[in-house]
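# Descriptive structure summary
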Amino acid sequence: VPASGQSYAFNNVQIEGNQRIEPGTILTYAGIARGETVTAGELNAAAQNLRSTGLFESVDIVPSGGTLIIRVAEYPTINQINFEGNARIGDEELGALVRSTSRQVFNPNVAEADVTAITEAYASAGRINASVTARLIERTENRVDLVFEIAEGGVSEVERISFVGNRSYSERRLRNVLDTKQAGLFDFIISRDTFIAERIAADREALADFYRSRGYVDFAVQNVDVTLTRARDGYLVTFNVEEGLQYRIGSVSIASEMPEAPVEEFSSVPRLREGGVYSPVNIDEDIARIERRAIQLGIPFVAAEPRITRNPRDQTLDIQYVLSRAPRQFVERIDIEGNNTTLDRVIRNQFTSVEGDPFNAREIRESARRIRALGYFAAVDINTREGSAPDQMIVDVDVAEQPTGRLTFGGNYNSDNGFALVASYSEDNFLGRGQGIDFQISTSTRNRIFSFDFTEPNFLGRDLSFSLGTSYRQTNNDAALYDTETFRFSPSLGFPVSEKGRLSVYVAAEYTDIYNVSDDGEDDPSIVIQKEAEQGGLWATSLGYTYTFDSRRVGLDPNAGVLLRFGQEFGVGDTQFIRSTALASAETKVFNEEVTLRATAEGGYLAYGEGSSRVTDRYFLGSRYIRGFEYHGIGPRDADTLDALGGNAFAVARLETEFPLPLPSEFGFSGGAFIDYGSVWDLGEDYGAEVLYDEFTPRATVGVSLFWDTPLGPLRFNFTEPLMAEEEDETRTFELTIATTF
Amino acid sequence: CVAQFRDHGYIPSTQARASLAVGQDTMETIAERVGTPTTGGVIRGQSYYYVASRFRHYGLLEPEEVQRQVLVLDFDSAGILRNIELLALEDGRVVELERRVTDDNLSDVSFLAQLVGGIGRFEASDFVGSE
Amino acid sequence: CGSDLVESRPALEAFTPEEIYQRGEVELADGDAEDAAYYFGEIERLYPYSEWAKRGLIMQAMAYHRDEDYPNARAAAQRFLDFYPTDGDAAYAQYLLALSYYDQIDEIGRDQGLTFQALQALRTVIEVYPESEYARSAILKFDLAFDHLAGKEMEIGRYYLRRDHYAAAINRFRVVVEDFQTTSHTPEALHRLVEAYLALGLPEEAQTAGAILGYNFQSTEWYQDSYALLTGQGLSMEASGDSWLAQIYRQMVLGEWL
C-alpha cells in the first residue's frame, strides 16, 4: 500500500480482473475520477469502498507512474442454493432464514451468518447438538452452487422435573404450572417437551407468578440444576425453591400528593379487603380502578402508586395507594397504516382518545383490544413514539388485514335439522366500511331457510348500530303432517345506555301461514293445528326492545361475568300480543382459572290480547334451550294424534361446568358436564282437544360434553341422559353443535 | 338511561393559569411549565390555544359538547406573553359544515374484489348449522 | 393450480444467453410477462458475466412490473442498480423501482406507509437522474402521491371536525396548509380552518385563514364558502389586527408562503 503523505496525479486508470462489474461501476464505487490528484489516504479509502460493496474477493490499488492500476477479483455468483440432511425443518423454512440468494454474488461472511442462523433455528427447535457447514460447488462461468450440509443430531428431551423446598404445593400441582411437561407418550408430535434454555427461564417466571399471586411475597427460585441422562438424549431438571411466608393484606388506605385529587373522592374505589391473600394482580386492578375514577372526575395525569409496608410479626402487608402527578403527556397524532381496504374512520372509531387528549396508556390498550375484536385484521400492533415535543406522543397503529368474507356452497349437519345444503355469503367488513352482511340459503329434509342480515355498527358516525334482518323459513314437519311458512322483516337500532348496558329497539313485520294440512281421515294432525290453519296466512306487526347488561364489557375481573337480557315485543294492529323474554347468566372461573362454572336461567311468556297464538308463534325448545330432547320433543301434545303443539311459556335453567382434560393442550380437547332443567307449557286455545302436558311439567337432563377446538372453530359433542321425561317425550342421547359462549 | 360524560383535550389547572405572567413568560417557559398547547393559530408563533371540552353521550343521540374552555395566550413578535383570555362554549359559533369534499381520485375497493377474496374460506358454523 | 409453464420449462443450460434472451422477448411480445421474466432471470443465473445478463436483468424488472409482480420487480431493479449503477439503463431501473411502489398505491389505496416509500423512490429518480427521460414523469407521479398523502390528512381532519373535536381537526388541516401547500387540498384545508376556528370562537384566526384563501385561491368554490361563512357571521374578509396584516402581506405579496 502506498506510503501515506505522498500524493499522485493520474492521467489514466487501468482496471484488471473484473468480469461482471464494469470499469465505470468500479470507478464510481472507488470514488476516483481520472486526472484528479489523489493522496495515499484517499487511495486506501477507495480500496475500502470497493471492499465494502461485498462484491470483491480481493482489491489492490497500485499506482505505477502516470497510471493507476485497480486489480480486483470478483466473488463468484451463486447459481443455486440447496440444503442437505434436513428432516425436521423443511427447505422452504430454511430458505427464508438464509440471506444468500441465487443470482447474488457469493459472500463468505454472509454465508457464515447463514450457517449460524440455521444452527440457531435447530437449537430453538430443541436440537442443540445440530451442526451445519457451508460448501461450494464450482460451476462454469465463475458460478458456484452453495450447499448447506446439516447434521440434525438427536432431540434433547426433558425426562423428569422435580422440586426441592416446596412445602405448600405438591410437585404435581407445580408441574402443571410449568410449560415443559415430562416427556409424554406422544413425544414425536409435541415440541413442548424439548429442552430450551429460554423455556426454563419462562418456567422460573411462571413459578414466581404462581407463588406471588398467592401471597408468597419472598418466593424465589434459588437455582435450577440440569443434568444430562446417561444416554445423553434427555435432561433431568430440578427446581430448588424458597417459598418464604404467606402474607395477607393488612390495612388499605389512600393518600394524595395532588391538591386537585382529594382523597375522599377515591376512598371507596379500592376493592382490596383486609385479611385477603396478598396478590399483585389485585393491586393492579385497584390501580386501574383508581385511574379510571380520576378520568371520570376529569383530573388528568393522576398516577396511583402502591406503597407496601410489611409487618412480619403478624404476616400482613399494609397497602397505601399514593396519588401523585404523572408526567404530562399528550396524544399528538394517531397514525394508522396497513389498512388496505378498511377505511381509516372504522379503525379510528375504536379509539375513545382523540388527538390532543392526555395520553392514557390503559385507554390505548383498550382501543387495541377493540380493534382486534373487529376481526378484520390478522395482526394489530400499536406502539408509541415521541412526537414534535417531549410531552407529545405519536400513536402508530399498524394493522395487517385478513380476508373477512366467506363464500361457501356446501352442506352442514346439526342435530335439530339433520343434513342441509347451504349456499352462503358473509362479509364482516363490507367495502372496508366495517359493515356486516350475511346471506344464507339452506334446504334440509325438515326445512328451507333463506336469511339476509345487514349491520352498520357506527350509524351516523356514532356508537349506534343499525341492523336489518329478514328471514323466510318454510318447514315441512313430515312427522306432523302439515307445513308452516314464516317470513320476518325487522330493522333495529342498538345503542349504549350505560357503561355496561345496551338497549336495542326494533320494529318487525311477520307473516305466518300453516297449510298442506292432510285431512284424509286416518292420520290427520291435531284439531288445534287444523283450526289454526283455517285462519290462513296472517300478518303481524310489532314493536320491541331488548335490554342487555354485560358486566364483562368493562369488567376488570376477566374471569367472572354476568349477562342479563330482558326484552319485550308488543304486537300492534289486529293481533295484539306481548312476548316477554328474559335471560340471566353468570359465569366464573375457579381452580386457578382452569375450571369454568356457568349458571343460566332463561324464560319466555307470550300473552295475547286480541287473537291467540299459533304453532308458528309458540315455543318449541331446541338444544339451545334444553339438551337431550328432539326439536319437537317436549311440550303440550295432542293426546290422540301426539302432535307437538308448542307452548306459550317456557322456563329453563342450566348448570354447566367446563374443565381441561389431562390431554396435551395442543389437541384442543376439553371436557364439560351440565344439568338442564325446565319445561314448555300453556297451549292457550285448545279448540276442545285433549292436551297432554299443558301445565308446567318439569324435564331434566344430565350430560357430559367434549369440546374440540378445531382450526375451523369450536365444536361441541354432547352425550345426554334424561332424568325426568314424560312418556311421550322424544329424547335423544347425542348432539353435535357449535360451542358458543353466552 | 344514564348519560355518560367524556372529557377531551387539556387546559392547565386554575393554579397553573394563575402563574402565567403577562410581559414575562415566553412561549418556551409556558410550554415547559403548563404543557404544549392543544393547538395554535394559522400563522405559527403568535398564539397558544389550550382547549378542553366535555361531551355528553346519551343513548342514541349524537354526542353533544356540553362544556368547553379555550385558554387563549397571545404573544408579541418577540414571543413574550401579551394577553390571556378564557373563552367558553358560548363564545363559539354554530357553523354549518360544507358537505363537498376534494376528490382524492382513489377508487374504493370493489365489491367483486372482496367477494372473490372470500371463496373457499370456512368456519365451523358452515358445517354445523346453529338454529 | 400454479402456472402450467413450470413443468414444461426446458432445462436452459443448453441454450446460449442470446437465444434465451430472444425467447424472453417472444414471451413478452405474446403478453406472457411472467414467463418472460422467468427466461430473462435464467440468463442472469446461467451466464451472469455475459453482456446479456445485464440486458436480461433490466428486462426482467420490466417484465415483472408488467406482470404486476411488484416485489420481484423491485428485487430485480435493485440488483441492476447494485451491479450497474452507472449504466445507461440505471435511470430506468430506479424509475421501475419507484413505479413498483407507486402502482401499488391504487391497489392498496388506503395505506399511507406505501405512499411514503413511493415518494422516496420517486425523489431518488428526480434527484439522481434529473436529465433522464423518466425524471419528468417521476415528478408528475411524485405530485400525485404527495396529493394522496394530503388527502389522508384531510380525511382525518374532517373525521374530527364532524365530531366537534375542533382542536384535533385544526392540527390536521394546519399540517396540510404548511407541509402540503402545493397539493389540490390546500384550499379546502384553509376553508376547514375557517369553519373550525369560528366554531371554537376565534374569529381573527378564521379571518386570517379566509384572507390567505382569498389571496391565493380566489377562483375556488372554497373561497366562496369561506366568504359566505365569514360575512354571514358579520365578519369582513380582511384580516383584523395590525401585526398580522404585516405578516400576511409578507407571505402573500412577497410570496414567502406560510
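Residues numbered from 1 in each chain as written. Chains lettered and ligands numbered in written order. Predicted model: local features only at pLDDT ≥ 70, side-chain atom pairs only at ≥ 80, totals over all residues. Heavy atoms only, no water.

### Notes on the overall build of chain A
- From N to C terminus, chain A includes ten helices and 35 strands.
- When the 742 residues of chain A are sorted by exposure, 47% land in the buried category.
- Within chain A, residue pairs in contact and separated by at least 24 positions form 58% of the contacts whose partners lie at least 6 positions apart.
- Surface accessibility of chain A: about 34500 Å² in total, with carbon and sulfur atoms responsible for 54%. (Helix = DSSP H or I, 4+ residues; strand = E, 2+ residues; numbered from the N terminus. Buried < 20%, exposed > 50% of the residue type's maximum accessible area, 1.4 Å probe, protein only. Contact = heavy atoms within 4.5 Å. Areas by Shrake-Rupley, 256 points an atom, 1.4 Å probe, with all protein chains shown as cover.)

### Focus: the pairing of strand β3 (residues 47-57) of chain B
Residues and elements named next belong to chain B.
- Burial analysis of β3 places eight of its eleven residues in the buried class, the great majority of the element.
- Examined bridge by bridge, strand β1 (residues 4-9) and β3 share six bridges and lie antiparallel to one another. If you follow Arg6 over to β3, its bridge partner there is Phe55.
- Where strand β2 (residues 39-40) lies against β3, two bridges are found, and the strand directions are antiparallel. Bridged to Gly40 within β3 is Tyr48.
- Following β2, the chain reverses through six residues before pairing antiparallel with β3; Gly45 in that reversal takes a positive phi of roughly 85°.
- Direction of pairing for β3 relative to strand β4 (residues 64-75): antiparallel, over a ladder of ten bridges. Each bridged residue has a counterpart across the sheet, and for Ala52 the counterpart in β4 is Gln69.
- Counting the residues that bridge the hairpin from β3 to β4 gives six residues, and of these Gly59 lies at a positive phi of roughly 50°. (Pairing = 2+ DSSP bridges.)

### Thoughts on the nonpolar core
- In terms of nonpolar packing, the biggest core is built from 134 residues, with Ile70, Ile382 and Val397 of chain A touching the most fellow members.
- Not counting the four nearest positions on each side in its chain, Ile70 of chain A is found in contact with Val13, Gln14, Ile15, Glu16, Ile26, Leu50, Asp60 and Ile61 of chain A. (Core = buried A, V, L, I, M, F, W, Y, C linked by side-chain atoms within 4.5 Å.)

### Quick look at the packing of aromatic side chains
Residues and elements named next belong to chain A.
- Scanning the model with the defined rule gives 40 aromatic pairs over all chains in all.
- Grouping aromatic residues by their ring pairs yields a cluster made of Tyr169, Phe210, Tyr211, Tyr216 and Phe219.
- Across the ring face of Tyr247, the terminal group of Arg310 is positioned such that the distance to the ring centre comes to 5.2 Å.
- Lying over the aromatic face of Tyr619, Arg579 brings its terminal NZ or CZ to 5.2 Å of the ring centre. (Phe/Tyr/Trp six-rings, centres within 6.5 Å; stacked < 30°, edge-to-face > 60°. Lys NZ or Arg CZ within 6 Å of the ring centre and 35° of its normal.)

### So, the interface of chain C and chain A
- Contact residues are listed per partner, giving 37 residues for chain C and 40 residues for chain A.
- Both sides together, the interface formed by chain C and chain A hides about 3300 Å², and carbon and sulfur atoms give 48% of it.
- Where chain C packs against chain A, one counts eleven residue pairs in polar contact (both at pLDDT 80 or more).
- Secondary-structure elements contributing two or more residues to the side of chain C that touches chain A are α3 (33-46), α4 (51-66), α5 (70-83), α7 (112-128), α8 (133-162) and α9 (166-179) of chain C.
- At seven residues, α8 of chain C tops the list of elements feeding residues into the side of chain C that touches chain A.
- Class assignment for the residues of the side of chain C that touches chain A results in 15 nonpolar, seven polar and 15 charged. (Buried area = accessible area lost by both parts, 1.4 Å probe. Polar contact = N/O pair within 3.5 Å; in protein donor to acceptor, adjacent residues only side chain to side chain. Nonpolar A, V, L, I, M, F, W, Y, C, P; charged D, E, K, R; others polar.)

### Comments concerning a nonpolar patch on the surface
Residue and element names in this part refer to chain A.
- The grouping of Tyr677, Phe696, Leu723 and Met724 at the surface amounts to a nonpolar patch, some 370 Å² of accessible area in total.
- Within the secondary structure, Phe696 sits in the loop between β32 (691-692) and β33 (699-710).
- Look at Phe696 and you get partly exposed, because its relative accessible area is 37%. (Patch = residues over 30% accessible without salt bridge, like charges linked within 9 Å, V, L, I, M, F, W, Y side chains within 5 Å. Salt bridge = Lys/Arg side-chain N within 4 Å of Asp/Glu carboxyl O.)

### Topic: helix α11 (residues 203-216) of chain C
Residues and elements named next belong to chain C.
- Across its 14 residues, α11 extends 20 Å between first and last C-alpha, which sits within 8% of the 20 Å expected from 1.5 Å per residue.
- Burial within α11 is extensive, with eleven of its 14 residues counted as buried.
- Of all the residues in α11, the buried ones are Pro203, Glu205, Ala206, Gln207, Thr208, Ala209, Gly210, Ala211, Ile212, Leu213 and Gly214. (Expected span 1.5 Å × (residues − 1).)

### What about the environment of Leu122 of chain C?
Residue and element names in this part refer to chain C.
- As for its position among the elements, Leu122 is in helix α7.
- Classification of Leu122 as buried rests on a relative accessible area of 0%.
- Sequence spacing of Leu122 and Gly210 is 88 residues, and the spatial spacing of their C-alpha atoms is 34 Å.
- In contact with Leu122, other than residues within four places in its own chain, are Ala98, Tyr102, Ala138, Lys141 and Phe142.

### Observations concerning the packing of α3 of chain C against α4 of chain C
Residues and elements named next belong to chain C.
- Relative orientation of the contacting elements α3 and α4 amounts to 155°, with a least axis distance of 8 Å. Taken as axis vectors, α3 and α4 run roughly antiparallel relative to one another. For the crossing formed where α3 meets α4, the hand is left-handed. Between α3 and α4, the residues in contact are Ala33, Ala36, Ala37, Phe40, Gly41, Ile43 and Glu44 and Trp52, Ala53, Gly56, Leu57, Met59, Gln60, Ala63, Tyr64 and Arg66, respectively.
- Class assignment of the residues belonging to the contact of α3 with α4 gives a composition of eleven nonpolar, three polar and two charged. (Axes fitted to C-alpha atoms, helices over the stretch in contact; angles between N-to-C directions. Parallel < 35°, antiparallel > 145°, perpendicular 65-115°, else oblique. Left-handed = near helix turned anticlockwise from the far one by under 90°.)

### Observations regarding the pattern of salt bridges
All names here are of chain A.
- Applying the stated criterion to the full structure yields 58 salt bridges over all chains.
- Here Glu260 and Arg325 are joined by a salt bridge, their closest N and O atoms 3.2 Å apart. In this pair, Glu260 is assigned in the loop between β12 (248-256) and α7 (280-296) and Arg325 in strand β14 (residues 316-325), connecting sequence segments 65 residues apart.
- One salt bridge connects Arg627 with Glu656, and the closest N-O pair in it is separated by 3.4 Å. A residue pair is termed long-range when its members are at least 10 positions apart, and Arg627 in the loop between β28 (595-610) and β29 (637-638) and Glu656 in strand β30 (residues 649-660) qualify at 29 residues. Exposure class is identical for Arg627 and Glu656. Each is buried.

### A word on α7 of chain C
- Compared with an ideal rise of 1.5 Å per residue, which puts 17 residues at 24 Å, α7 of chain C spans 25 Å between its outermost C-alpha atoms and is within 8% of the ideal.
- Within α7 of chain C the residues assigned to the buried category are Gln112, Gly113, Leu114, Thr115, Ala118, Leu119, Ala121, Leu122 and Val125 of chain C.

### Topic: the confidence of the model for chain B
Residue and element names in this part refer to chain B.
- The predicted model of chain B has a mean per-residue pLDDT of 84, with 82% of residues at 70 or higher.
- When the elements of chain B are averaged for pLDDT, helix α4 (residues 124-127) gives the smallest value, 66, and β4 the largest, 94.
- Scored by ipTM, the complex comes to 0.81, with pTM at 0.76. (pLDDT = per-residue confidence, 0-100.)

### Quick word on the environment of Tyr687 of chain A
Residue and element names in this part refer to chain A.
- Relative to the assigned elements, Tyr687 resides in the loop between β31 (669-681) and β32.
- A relative accessible area of 24% means that Tyr687 is categorised as partly exposed.
- Residues Tyr687 and Asn340, 347 residues apart in the sequence, show an inter-C-alpha distance of 62 Å.
- Ignoring any residue separated from it by four or fewer positions in sequence, one finds Tyr687 in contact with Ile527, Val528, Lys531, Glu532, Gln535 and Ser612.

### Some points on the side chain of Arg654 of chain A
Residue and element names in this part refer to chain A.
- Relative to the helices and strands, Arg654 resides in strand β30.
- We classify Arg654 as buried; its relative accessible area is 10%.
- Within polar-contact distance, the side chain of Arg654 engages the side chain of Glu602 at 3.2 Å.
- At 2.8 Å, the side chain of Arg654 forms a polar contact with the backbone oxygen of Tyr625.
- Dropping the residues within four chain positions of it, Arg654 is found in contact with Arg598, Ala599, Thr600, Glu602, Arg624, Tyr625, Arg627, Ile675 and Asp676.

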